[in-house]
Each structure stands twice: as structure tokens, then as C-alpha cells.
Amino acid sequence: MACTDARRRTGVLLPRDLPVRDFLPYARRAEELGFDELWVVEDLGWRGGIAQAATVLAATRRITVGIGLLPAGARNAAFAAMELATLAQLHPGRLIAGVGHGMPDWMRAAGAWPASPLTLLCEFTTTLRALLRGEPGPADGRYVRCGGLVLTELPETVPPVLLGVRGPKSQALAGEVADGLLLAEPAAPGYISASLAHLGRTDAEVVVYDVAAVDEDGEGAVDRARAGLTAIGEPDWAAHLAPLPFAAEFRALRAASADGAEFARTMPADWVRALAVTGTPAEARAAIAARHAAGATCVVLAPVGADPLQELESLATALG
């Protein structure tokens, strides 16, 4: 499955709730099956992103590992640069770092939501990338103050830094200070295109997540994918849906639903197919191709099902 086109890659997400006994078997099997990238998540209260990435990198040989994502408000830029530089030095060319605001409710719960999230993200990303390149830290700003600092140990290959952001201002910032975008699920082609317009560049990395369930029984796969779409009707996901032709109907259905589970259960199958990589193997391959055509450089699949390892196998088989 490993792709020969560097801008049409396919990856897989390591589920945040994967039992610890399955953590390394899942990562190793993703590499054996030929996925180009494996992305770990850092959600508040679950597992830390850098620790997961370090463990996966040490346990595998080829696969690129992405961290999605490190909230700027939760880390000192200089020490984050040290951690990432060390990982990139030990595992050359195999690391991608996602940085973002973090989910506002989580960041407030941790006492780390800034008065100006955009300013913090700009300063943090600018400083992080400068330090990783071996340059002195830029002049002190409102939040980040390590002007003149220089890292001693540097990687031969500087890891890309992507911004995992949704809003147009934040996506425009990614075009100015980062190597590209990391788009959370659902990342339908229309959302990818709209995000690229905000980014204002065509040379950037654009990594997208999408819920995935694939089976020869296409309708069964679509029904299975619904479990991964229960949260997307909430306000934080509004930007993902705005470019889609059924956005108004989508909002109306969510407003009429008692909760996310009912919403996902009653969603028309056509919407599920638009919002996930699902259906038959041929339909799933077409969905991935459509995301690449819209500008995604890597489509990262988030498998849905009771047995993540089995779902991983099924995805690899279906996608060839």
C-alpha cells in the first residue's frame, strides 16, 4: 500500500482508547500493512502525544509518525522544540508535528486557554520552527519569551510543523507560519478545498482525518461508520459542514435530535458517505481519491469498529 507519490499518501489513526496491550501490535501492524503514516492523538485525559510518538518510532522502522496535536497553550515552545528535535534526530525523516489551539473546553479545564489564542499560536509556531532549524529564537512576544535561545542538538531533517485549526483566520495563519494544515474529521472534499483557499498556498502539506469503515457489504459499512460521527453536529465542527450542500439540513437534523447518537443513527446514508471513507472497497478508494484531488497530501483513516486491529486489517485489504 505504501505510496510512491509523496503528495497522495494514506495513513491510519491510532485510536485514543486502544487498550495498552494492543498499542504496539497496532502500530507495528500498520507498518507491516504498508500504511504511509500513523498518527497519534493527544486528547485531554488520555495519552500524551510525544510519549506515544516516541514509543511508536522506536518500535517501527519505516512508517512516518504524526502527532495530532500539541496544544500551544500546554507547552513551553523551547522545551517542545527540544522534544521534537530529539525525536527527529533519533528517527530522521519520520516525524510530523501537529500544533494547534486545542479544544477550548479542554484548555479551559486545564487552565491553559489564552486571552488571544491566535497570537499565542503565531508566536509558538514561529519560535518552534525557528528553533528546529537551528536559528535563534525570535524576539520575545506577548506569550513566548525565548529570544536568542539556540538548540544545541539538531536533527538532520527538520520535521514539518502543521497547524491543526478550523477557523479561516487560523488557517490563513498556517499559510504564513507553518508547513501546512492538519484537518480533523470529517474532511470532505469541499471542506478541504475551502481550507486550502484560506491557507493561500498550493505547496503545503495538508493532512486530513476521516472516519473509515469498509466492507463488501457497503450498507453495513455505512451503518458501522455512524458510530464515528456522533460528535460532528456540535458547534466546534461547524466549519467542516459549512461548505457542504446539505449544511442547512444537517443543522436542522441535529437540532431535532435528542443527542449525538440519535443524530448519527438517523443521518441519511448519503451524508454518511460524504462525511466518511466508507462503503464498499471501490467506494472507499474513490472517497480517498476525491480527498487527494481536493488537495489532501495524506488521508488518515480513523477505523470504526469493536476490534481496531481487525478493522486495520480490513482497511488494508480493501484499499489494496
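Above this text you will find the structure in question.
Position labels on residues start from 1 in each chain and follow its written sequence. Totals for whole chains, interfaces and linings use every residue, but because this is a predicted model, local features are given only for residues with pLDDT of at least 70 and side-chain atom pairs only at 80 or more, for both listing and counting. The side-chain values count all of the structure's non-hydrogen atoms but skip hydrogen atoms and water molecules.

(A) Structural view of the packing of aromatic side chains. A pair of Phe, Tyr and Trp rings is counted when the ring centres sit within 6.5 Å of each other, with Trp represented by its six-membered ring. The angle between the planes then sorts it: under 30 degrees is stacked, over 60 is edge-to-face, the rest tilted. Under the defined criterion, the tally for this structure stands at four aromatic pairs. Between W39 and Y209, the aromatic rings sit 6.1 Å apart at their centres with planes inclined by 70°, giving edge-to-face as the arrangement. Pair noted here: W39 is in strand β2 (residues 37–41) and Y209 is in strand β7 (residues 205–214), with a separation of 170 residues, a long-range link. When accessible area is computed with a 1.4 Å probe and restricted to protein chains, residues below 20% of their type maximum are described as buried, those above 50% as exposed, and intermediate ones as partly exposed. Look at W39 and you get buried, because its relative accessible area is 0%. For Y209, a relative accessible area of 6% gives the class buried. Arranged with centres 4.9 Å apart and planes meeting at 90°, the rings of F250 and F263 form a pair that is edge-to-face. Here F263 lies in helix α11 (residues 260–266) and F250 lies in helix α10 (residues 247–256), a separation of 13 residues in the sequence. One aromatic cluster is present, built from ring pairs that chain together F246, F250, F263 and W271. To sit over a ring, a charge needs its Lys NZ or Arg CZ within 6 Å of the ring centre and within 35 degrees of the ring normal. Taking the ring centre of W237 as reference, the NZ or CZ of R166 above it sits at 4.8 Å. Runs of H or I in DSSP of at least four residues are treated as helices and runs of E of at least two as strands, each being numbered from the N terminus.

(B) The arrangement of the environment of G320 in detail. Its location among the elements puts G320 in the segment after α14 (308–319). A sequence separation of 35 residues divides G320 from R285, and the C-alpha atoms of the two residues are 9.2 Å apart.

(C) The pairing of β7, seen in detail. A large share of β7 lies buried, amounting to nine of its 10 residues. Of the pairings in the sheet, the one linking strand β6 (residues 180–183) to β7 comprises four bridges and is parallel in character. By the bridge assignment for β7, L183 is matched with V208. One crossover worth recording links β6 to the parallel β7 by way of helix α7 (residues 189–199), and it is right-handed. By definition, two strands form a pair when at least two bridges between them are found by DSSP. Note: β7 against strand β8 (residues 277–279), three bridges, orientation parallel. Looking at β8, one finds that A213 is bridged to T278. By convention, orient the strands away from the viewer: a clockwise path from the first strand over the helix to the second makes the crossover right-handed.

(D) Representation of the side chain of H240. Note on placement: H240 falls in helix α9 (residues 238–241). The class for H240 is buried, based on a relative accessible area of 1%. Of note is the side chain of H240, whose polar atom sits 2.7 Å from the side chain of R166. Look past the residues within four positions of H240 in its chain and what remains in contact with it is R166, A184, E185, P186 and Y191. Any pair of nitrogen or oxygen atoms within 3.5 Å is treated as a polar contact; in protein, a donor-acceptor pairing is required on top of that, and neighbouring residues in sequence qualify only through side-chain atoms on both sides. Any two residues whose heavy atoms approach within 4.5 Å are treated as being in contact.

(E) Seen up close, helix α1 (residues 20–32). Any helix carries an expected span of 1.5 Å times its number of residues minus one. Here α1 spans 19 Å end to end across 13 residues, near enough to the 18 Å set by a 1.5 Å rise per residue. Within α1 the residues assigned to the buried category are D22, F23, Y26, A27, A30 and E31. Tucked inside the fold, the buried residues of α1 contact β1 (9–13), β2, α2 (49–59), β9 (298–303) and α14. Looking one or two residues past α1, G34 carries a phi angle of roughly 95°, positive in sign.

(F) Molecular detail of the pattern of salt bridges. By definition here, a salt bridge exists when the distance from a side-chain nitrogen of Lys or Arg to a carboxyl oxygen of Asp or Glu is within 4 Å. The tally for this structure, following the rule as stated, stands at 16 salt bridges. In this structure, R29 and E32 form a salt bridge, with 3.0 Å as the shortest nitrogen-oxygen distance. With R29 and E32 both in helix α1 and three residues apart, the pair spans about one turn of that helix. Owing to a relative accessible area of 26%, R29 belongs among the partly exposed residues under this scheme. A salt bridge links R254 to E234; the shortest N-O distance between them is 2.8 Å. Taken together, the residues span a long stretch of sequence, with R254 in helix α10 and E234 in the loop between α8 (218–225) and α9 at a distance of 20 residues. By relative accessible area, which is 31% here, E234 ends up partly exposed. Because the salt bridges share partners, they merge into one network encompassing R9, E37 and E205.

(G) Looking closely at the pairing of β9. Across the six residues of β9, six count as buried, placing the element largely inside the fold. Burial along β9 is two-sided: C298, V300 and A302 and V299, L301 and P303, pointing in opposite directions, are all buried. Here β1 pairs with β9 via four bridges, running parallel. Following the sheet pairing, T10 is matched in β9 by V299. Alignment of β7 against β9, held across six bridges, turns out to be parallel. By the bridge assignment for β9, V207 is matched with C298.

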